[in-house]
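The residues making up each chain are set out below.
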Amino acid sequence: MNLWQTAIEDALAVTRRNIERFGDRFPHVSAGNERYTLNDNTEWTAGFWSGILWLCSEYADDPSFRIHAVRTVQNFRSRMDRKIVFDHHDIGFLYSLSSKAQWILEGEEEARKLTLEAADMLMKRWRKKIGIIQAWGREGDVQNGGRIIIDCMLNIPLLFWAYEQTGEEAYRAAAEAHARKSQRFLVRGDGSSYHTFYFDQETGDAVRGGTHQGYADGSTWTRGQAWGIYGFALAARYLNDPSMLDTATSLALHFAERLPEDQVAYWDFEAPVTFETKRDSSASAIAACGMLEIVSQLGDHDPRSRKLAETARSSMESLVQNYSTHGDPSAEGLIRHGSYSVRGGDSPDDYTIWGDYYYLEALMRLERGIPGYWYERANPKR
Ligand code: GLY
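Considerations on the overall build of the protein
- A tally of helices and strands in the protein yields 13 helices and seven strands.
- Against the globule reference of 21 Å for 382 residues, the protein gives a C-alpha radius of gyration of 19 Å, in line with a compact fold.
- Based on the C-alpha atoms only, the size of the protein along its principal axes is roughly 55 × 50 × 45 Å.
- With 382 residues in all, the protein has 62% of them scored as buried.
- By element, 46% of the accessible surface of the protein is carried by carbon and sulfur atoms, the whole surface being about 14,700 Å².
- If the 43 positive side-chain charges of the protein are averaged to one point and the 54 negative ones to another, these points end up 3 Å apart.

Looking at the pairing of strand 7 (residues 206-210)
- Bridging between strand 6 (residues 196-199) and strand 7 involves four bridges; their strand directions are antiparallel. Across the sheet, residue threonine 196 finds its bridge partner in strand 7, namely glycine 210.
- Between strand 6 and strand 7, which pair antiparallel one after the other, the connecting turn spans six residues, and glycine 204 there sits at a positive phi close to 80°.

Observations regarding the sheet that holds strand 7
- Strands sit in the order 5-6-7 across an open sheet of three strands; the sheet is antiparallel. Single-partner strands in this sheet number two, and they are strand 5 (147-149) and strand 7. Within this sheet the neighbouring strands show an average axis-to-axis angle of 20°, counted without direction.
- Sitting on the sheet, helix 8 (residues 169-185) touches strand 5, strand 6 and strand 7, and the angle it makes with strand 6 is about 105°.

Observations regarding the packing of aromatic side chains
- Enumeration according to the criterion identifies 28 aromatic pairs in this entry.
- Their ring planes at 90° and their centres at 6.2 Å tell us that phenylalanine 22 and tyrosine 36 sit as a pair that is edge-to-face. Residue phenylalanine 22 is found in helix 1 (residues 3-22), and its partner tyrosine 36 is found in strand 2 (residues 36-39); the two are separated by 14 residues along the sequence. Here phenylalanine 22 matches tyrosine 36 in class, with each residue buried.
- With centroids separated by 6.2 Å and ring planes inclined at 75°, the aromatic side chains of tyrosine 230 and tyrosine 358 adopt a geometry described as edge-to-face. Of this pair, tyrosine 230 sits in helix 9 (residues 222-239) while tyrosine 358 sits in helix 13 (residues 353-368), and the two are 128 residues apart along the sequence. We note that tyrosine 230, like tyrosine 358, is buried.
- Aromatic rings pair up to connect Trp44, Phe48, Phe93, Trp227, Tyr230, Tyr340, Trp354, Tyr357, Tyr358 and Trp374 into one cluster.

Overview of the site of the ligand
- In the neighbourhood of the ligand, the contacting residues comprise Trp44, Asp151, Gln213, Trp221, Arg223, Trp227 and Tyr340.
- Contact between the ligand and glutamine 213: an oxygen atom at 2.8 Å from a side-chain N or O atom of the residue.
- Here the ligand has 200 Å² of accessible area as a free molecule, and 94% of this is covered by the chains.
- Of the residues that constitute the shell around the ligand, the class distribution is four nonpolar, one polar and two charged.

Focus: the pairing of strand 2
- Inspection of the sheet shows strand 1 (residues 26-30) paired to strand 2 by three bridges, in the antiparallel sense. Among the inter-strand pairings, serine 30 is bridged to a residue of strand 2, identified as tyrosine 36.

Things to note about unusual backbone geometry
- Phi at glutamate 34 takes a positive value of approximately 60°, unusual for a residue other than glycine.
- Relative to the helices and strands, glutamate 34 resides in the loop between strand 1 and strand 2.
- Although it is not a glycine, asparagine 41 sits at a positive phi angle of roughly 60°.
- The residue asparagine 41 is located in the loop between strand 2 and helix 2 (46-59) in this model.

As for helix 3 (residues 63-82)
- For helix 3, built from 20 residues, the straight-helix expectation of 28 Å at 1.5 Å per residue is met to within 8% by its first-to-last C-alpha distance of 29 Å.
- In this structure, the buried residues of helix 3 make contact with helix 1, strand 1, helix 2, helix 4 (91-96), helix 5 (99-106) and helix 6 (109-123).
- Following helix 3 by one or two positions, lysine 83 has its phi on the positive side, about 50°.

So, the nonpolar core
- Judged by nonpolar contacts, the single largest core of 123 residues is most densely connected at Phe255, Tyr358, Tyr359 and Trp374.
- What tyrosine 358 contacts, discounting residues up to four positions off in sequence, is Phe48, Phe93, Leu154, Trp227, Tyr230, Ala285, Ile286, Cys289 and Trp374.
- Listed in part, the eight residues of the second largest apolar core include Ile132, Ile148, Phe185 and Leu186.

So, how was this worked out
- Residues numbered from 1 in each chain as written.
- Predicted model: local features only at pLDDT ≥ 70, side-chain atom pairs only at ≥ 80, totals over all residues.
- Heavy atoms only, no water.
- Helix = DSSP H or I, 4+ residues; strand = E, 2+ residues; numbered from the N terminus.
- Rg over C-alpha atoms; globule rule 2.2 N^0.38 Å.
- Buried < 20%, exposed > 50% of the residue type's maximum accessible area, 1.4 Å probe, protein only.
- Areas by Shrake-Rupley, 256 points an atom, 1.4 Å probe, with all protein chains shown as cover.
- Lys, Arg positive; Asp, Glu negative; His and termini not counted.
- Charge placed at Lys NZ, Arg CZ, Asp CG, Glu CD.
- Pairing = 2+ DSSP bridges.
- Axes fitted to C-alpha atoms, helices over the stretch in contact; angles between N-to-C directions.
- Contact = heavy atoms within 4.5 Å.
- Phe/Tyr/Trp six-rings, centres within 6.5 Å; stacked < 30°, edge-to-face > 60°.
- Near = heavy atom within 4 Å.
- Polar contact = N/O pair within 3.5 Å; in protein donor to acceptor, adjacent residues only side chain to side chain.
- Nonpolar A, V, L, I, M, F, W, Y, C, P; charged D, E, K, R; others polar.
- Expected span 1.5 Å × (residues − 1).
- Core = buried A, V, L, I, M, F, W, Y, C linked by side-chain atoms within 4.5 Å.

Structure below.
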């Protein structure tokens, strides 16, 4: 077995055990003790567990993964019916990797309908006057009313997909406007990024960039940069737009050029580096997926592809060899040393279920060309 196959087999074994451990609950992050905190599908992260189960079910000849993945989609049906904790933009993460995954893999009509309901929920956050999807809080909220965050670039693929499915122009128009605002205001000229940006709610005027989880307002939070890498690459695919692909590529090159020796990012590119500085393994896993997506669009002939393909591979080798839980049969997570919020002191050096999801997606991309569930496949097996 090659390195990727070995790592995937490990991930399958951990996931089999986690199905027993988690039951119908959903993992979020660990909190200093290598045990996942569980919830009843109330967090923004619940879709990543569903996505892990769908990836495992695609790879392995073992029906238990699919059975449990379908149970999670039923749970997402119930979350939608009861509108549990939907006052944020992460509806895209939740439903892309659960019901949309089932639709992509199986053509299940109920899953498609549920995903379209999720897209309608996300559209409630569209602020036409500003031309953005509001990340957090209620409409008109003093602090968050006119605020975007770079993470949202992974939520708007749900709207692009809904447009493809229905032909309803409003989905595409909102997603495209949001992507273009993000491109103009979140990405800096040197390929670094702001985590968040504020707009005046009355006039729509740009006010200022800032951060929520990063080291400083003007620094580059590495997970935000990774969300940008992958998110702009997905926008480029949906819009067939070379300028979006250029933006994704410049973010990716900036990321690749600032990695430490072991090729796994610290939590912020501007955080002073001492022996205590935390990594964010999840940022490197997300960035690896984004880089592989960019390479798939640029093609091998583009000189930038070589650097990005090499970085994706070397980061993944380091994650497998130095960060994965390989060889620890009791582990609940797939990779260690993710940080939810170093700035906020919230799980600064822990398992993160999104880190585990993107680690497995990157392995699947490298080993089998399975690209996750962000867009429809050219040749669906269904
Ligand atoms: N999207 C939330 C985070 O990355 O922490």
